[in-house]
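# Residue-level structure breakdown
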Amino acid sequence: MAGIISWGSYVPRYRIKVEEIASVWGMDPEKVKAGLRIQEKAVPDIDEDAATIAVECARNALAVDVPSDPASADSSSSSFPSSSVSSSSSSSLPSPLAEHIHAIYIGSESHPYAVKPTGTIVGEAIGVGNDYTTADFEFACKAGTAAMQAALAMVRSGMATFALAGGADTAQAAPGDPLEYTAAAGGAVFIIGKDHAVAEINHTLSFTSDTPDFWRRAHERYPSHGGPFTGEPAYFRHVIASTKKLMHVAGTTPSDYDHVVLHQPNGKFPARAAARLGFTREQMALGMLVPLIGNTYSGAAILGLANVLDNARPGQRVLLTSYGSGAGSDSFDITITDRIVPVQKQIRPLQSYIGRKTYLDYPAYLQKVRAIQHT
Amino acid sequence: MAVPKFWRQIPALYNLEGSVCGCGALAFPPREVCPKCHAVGLKPHRFRGKGTVETFTIIRTPTTDPEGENIEVPARSIPYVMGIIRLEEGPRLTAQIVDARPEDVRIGDRVELVFRKLLEKGPKGVIQYGYKFRPV
Ligand SMILES: [Zn+2]
């Protein structure tokens, strides 16, 4: 069954604490932390953007020796020559796996260019050659999962042997906006293939409507949002409807899942949605990263999935639901296979990025996000 | 840098593509003529992206351009560190060292390749991406 062959994740090194931002605006940090259930967020360096983040994720995903067990060697349906895969340990090496990637879809709300695809930068940096198709995806925080669905369709239809898809963002927030506490940077990508899956995608579907809860007009630097309107008619309606529909189609109940990842604009929304859907704190634990890295927008839900893949065991079942303002949710029903074990040993784990950090004060933060700069 | 020149340098800038001679000599950036035996017809060679800091300097007064063109991205955020990196395979190159505070960088530090923004030709121009290094 088609699914995830490999994955890669990345979070920048810099962090800023809620206390530091709150002190600038005269807010009570404890109230902010209780309201948003977030401690700190990841901040991109001044020379990082959605393209550089996607490249690091993609190089991490390719730095694996793809499964070459007897079962896959006699697989006739795959054109993937497993014997030609070198045991590359360096993320900079061109991988033979890359040569079989025929589609690249990167989702972001902070693509570095308005016109000029991010996907071509990623394709060149990982050495896929020229025999691939790409287009950039945009759907607020769910552009990454929308990209994954398109990649899966390309693979299932036979138009691509492998497709690389995911999301990366350096989210912007106007100084003083409540979003400033959460808007963060990071990303994850997944290589989708027909065989050799470390995580089979059993079902995926979406729930979408025209709901203007959060937007950014062309040429505007910072997004606008509908305040409390981003909650019930937006996040909760779509996340809950999509997740329920997925479980109906898959014939599952909440207790069938070992790990559940919901989009996490803050710590409060996914916890509340999980409670309403009947998921426990234990099911949510691995996929809940927002308290430590903030809302990485297109990266948010799928960084949760990357952390699950870093740690999941064969046979476990995973539910993922993203949310993008505007508005829609994509849900995935996933089963982890035996093949994940050797890949987990080679993947650079997300925790290695989350664990290493340098704190910024507010002026240094403004420099990094280019709100102030040396002329 | 003109767009065609940047475009020609993409293999070197993105993936450390240098050159290798039949005599075995490696070069970065890529050369037309072997620096060791002066042969021509060198082949592309991709370096692994691991190395050590041979020496470094801390930039506190960045290069500025009154027209706002060709601004190196790190110049917008100072101080930053420029280093001479010796690649595992031998050649040396000059690159920014990121993800490290200037006071934490030491000669001999192990570093690895990262992909970052190098330069922007003003708010309208092309963005140049390429190699930098970070401590392992
Ligand atoms: Zn020579």
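Residues numbered from 1 in each chain as written. Chains lettered and ligands numbered in written order. Predicted model: local features only at pLDDT ≥ 70, side-chain atom pairs only at ≥ 80, totals over all residues. Heavy atoms only, no water.

### Quick word on the pattern of salt bridges
Opposite charge on two side chains permits pairing when their charged atoms draw close. One pass over the full model with this rule turns up 27 salt bridges over all chains. In this structure, A:Lys368 and A:Asp45 form a salt bridge, with 2.9 Å as the shortest nitrogen-oxygen distance. Separated by 323 residues along the polypeptide, A:Lys368 in helix α14 (residues 362-368) and A:Asp45 in the loop between β3 (40-43) and α3 (50-62) bring together distant segments of the chain. A single network of salt bridges, built from pairs that share partners, joins A:Asp45, A:Asp47, A:Glu48, A:Arg356, A:Lys368, B:Asp99, B:Arg116 and B:Lys132. (Salt bridge = Lys/Arg side-chain N within 4 Å of Asp/Glu carboxyl O. Helix = DSSP H or I, 4+ residues; strand = E, 2+ residues; numbered from the N terminus.)

### Points about the interface of chain A and chain B
Counting residues at the interface gives 32 residues for chain A and 34 residues for chain B. For the pair chain A and chain B, the summed buried area comes to about 2,800 Å², and 48% of that belongs to carbon and sulfur atoms. At the boundary of chain A and chain B, one finds 8 salt bridges. B:Arg116 is the salt-bridge partner of A:Asp47, the closest N and O atoms lying 2.8 Å from each other. (Contact = heavy atoms within 4.5 Å. Buried area = accessible area lost by both parts, 1.4 Å probe.)

### Overview of the packing of α3(A) against helix α5 (residues 118-126) of chain A
Residue and element names in this part refer to chain A. Axis separation between α3 and α5 bottoms out at 9 Å; the angle between their running directions is 40 degrees. Classified by the interaxial angle, the pair formed by α3 and α5 is oblique. In terms of crossing hand, the pair formed by α3 and α5 is right-handed. Note on element contacts: α5 touches α3 through Thr118, Ile121, Val122, Ala125 and Ile126, opposite Ala51, Ala54, Val55, Ala58, Arg59 and Leu62. Along the lines of polarity and charge, the residues of the contact of α3 with α5 split into 9 nonpolar, 1 polar and 1 charged. (Axes fitted to C-alpha atoms, helices over the stretch in contact; angles between N-to-C directions. Parallel < 35°, antiparallel > 145°, perpendicular 65-115°, else oblique. Left-handed = near helix turned anticlockwise from the far one by under 90°. Nonpolar A, V, L, I, M, F, W, Y, C, P; charged D, E, K, R; others polar.)

### Examining the coordination of the zinc ion
Residue and element names in this part refer to chain B. Bound to the zinc ion on the protein side are Cys21 (SG), Cys23 (SG), Cys34 (SG) and Cys37 (SG), at distances that span 2.3 to 2.4 Å. With 4 donor atoms in place around the zinc ion and angles of 102 to 114 degrees between them, the coordination shape is tetrahedral. The sequence pattern formed by the donor residues of the zinc ion is C-x1-C-x10-C-x2-C. (Donors = N, O, S within 2.8 Å, 3.2 Å for Na, K, Ca; no water. Tetrahedral: all angles 85-135°; square planar, octahedral: opposite > 155°, others 65-115°.)

### Some thoughts on the nonpolar core
Counting residues in hydrophobic clusters, the biggest one holds 100 residues, and the most contacted among them are A:Phe190 and B:Phe133. In terms of residues, this core owes the most to one element, α3(A), which gives 9 residues. A:Leu205, A:Phe236, A:Ala250 and A:Ala274 belong to the second-largest nonpolar core, a separate cluster that totals 21 residues. (Core = buried A, V, L, I, M, F, W, Y, C linked by side-chain atoms within 4.5 Å. Buried < 20%, exposed > 50% of the residue type's maximum accessible area, 1.4 Å probe, protein only.)

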